[in-house]
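Commentary on secondary and tertiary structure
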Amino acid sequence: MSRADKSRGYYDRVHYSPEKVPDSIPGKVALSDPWYQLILELLARNRIEVRGRRVLEVGCGLGGLCLRFAAEGAAVTGVDFSRSALRSASRLVPKNEPEGQGVRYAVANAKRLPFADQSFDVVICAETLEHTFAVEACLRELRRVCADGGFVVITVPNSIAALPLGLLVHALRLDQPQVLLSYFKLRRLIKRVGFRSVDEFGTNFFRDMILNDVLPESWRRLARKLSERAGRRMRRSSYLWRVTAGTLGFLLQKGTMSRHRHQSS
């Protein structure tokens, strides 16, 4: 069984199991997770509205972001490789909603998205790339389905924040199935694929995402408090966030083909 298949199995049987989903739904719908708040912040800071636009979320999970963007007037498609997640997400879509505010869900692999080139104006991928075990291939797919001039927003856990205990947990495979990504590695891949980075920031300061499944709740509460304080004090221009942020966020733009060829020359 491949690592990607193991990752899919983990999400179907554990992360989105019938036992866990009811407890997860309130927070997911409220978008309380820091990576969702980071995505909304990046869009708002750069005055990117989703109303009237075609939006794709890759790795949509229970669909909290999809519901939010649909309510704002976007035509939303959510994909995930977990059938368990999508079954639960479908049940959360309000019935008899106004035309144009629906959400369409589909099972899909981020490495081979079942959409034509330039199908979407805004593409979201939150806390998903690291679970695909094919980060560059997935970035190329995100770019392919994004329209020229459109935007891609991604978040990933920062492996630098995993030093040192998180790396040990990862080496022992006690964390979720994932590859480790640092700001520097992801930045290189983003440039190689051909995106233009519009905005970059982090959240979850001093919080190691890899340890989420290991640390007791008391430790996690303390980490959240420290993270909130750091987030209020951290300057966006500070190089320190690239090291201390538990979650990295990137707002990327796809240039036109002619512009990309010019930049590459």
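This text gives an overview of the structure that appears in the document. Residues take numbers from 1 onward in each chain, read along the sequence in its written order. For this predicted model, a pLDDT threshold of at least 70 governs which residues receive local features, and a threshold of 80 or more governs which side-chain atom pairs are given and counted, while totals over whole chains, interfaces and linings are taken from all residues. Side-chain measures were taken over the full set of non-hydrogen atoms in the model, leaving aside hydrogen atoms and water.

1. Describing the overall build of the protein chain
Put simply, the test is: Put simply, DSSP marks the helices as runs of H or I at least four residues long and the strands as runs of E at least two long, and each gets a number from the N terminus on. The rule is simple: take the accessible area with a 1.4 Å probe, protein chains only, and divide by the maximum for that residue type; under 20% is buried, over 50% is exposed, in between is partly exposed. Pairs of residues are marked as contacts when any of their non-hydrogen atoms sit within 4.5 Å. Method for areas: the Shrake-Rupley scheme with a 1.4 Å probe, in which residue coverage is limited to the protein chains shown.
Of regular secondary structure, the protein chain possesses 11 helices and seven strands. Across the 265 residues in the protein chain, those meeting the buried criterion constitute 55%. In the protein chain, 79% of the contacts between residues at least 6 apart in sequence involve partners at least 24 apart. Carbon and sulfur atoms provide 52% of the accessible area of the protein chain, an area that totals close to 13100 Å².

2. Some details on the side chain of Asp80
The criterion, for reference: Any N or O atom pair separated by 3.5 Å or less is treated as a polar contact, with the protein-specific requirement of one donor-capable and one acceptor-capable atom, and with residues adjacent in sequence counted only for side-chain atom pairs.
Mapped onto the secondary structure, Asp80 falls in strand E2 (residues 75-80). Looking at Asp80, its side chain comes within polar contact range of the main-chain nitrogen of Cys60, at 3.3 Å.

3. Concerning unusual backbone geometry
Glycine aside, a negative phi is what most residues show, and trans is what most peptide bonds show. Located in the positive-phi region is Leu31, a residue other than glycine, with phi close to 55°. Residue class for Leu31 comes out buried when judged on its relative accessible area of 3%. Non-glycine residue Glu127 carries a positive phi angle of around 50°. Checked against the element boundaries, Glu127 lands in the loop between strand E4 (120-126) and helix H6 (135-145).

4. A word on the sheet that holds E4
Worth spelling out the cut-off: Here, any two strands with at least 2 DSSP bridges between them count as paired. Orientation is described by lines fitted to C-alpha atoms, with helices fitted over the stretch in contact, and by angles between N-to-C directions that extend from 0 to 180 degrees.
An order of E3-E2-E1-E4-E5-E7-E6 is seen for the seven strands of this open sheet, with the pairing classed as mixed. A strand with exactly one partner marks an edge of an open sheet, and here the two such strands are strand E3 (103-107) and strand E6 (196-205). Taken over all neighbouring pairs, the strand axes of this sheet differ in orientation by 15° on average, direction set aside. Across three bridges, strand E1 (residues 54-58) lies against E4 in parallel orientation. The partner of Glu57 across the bridge, within E4, is Ile124. Strand contacts of helix H5 (residues 83-92): E2 and E3, with the helix running at about 165° to E3, the strand carrying the most contacts.

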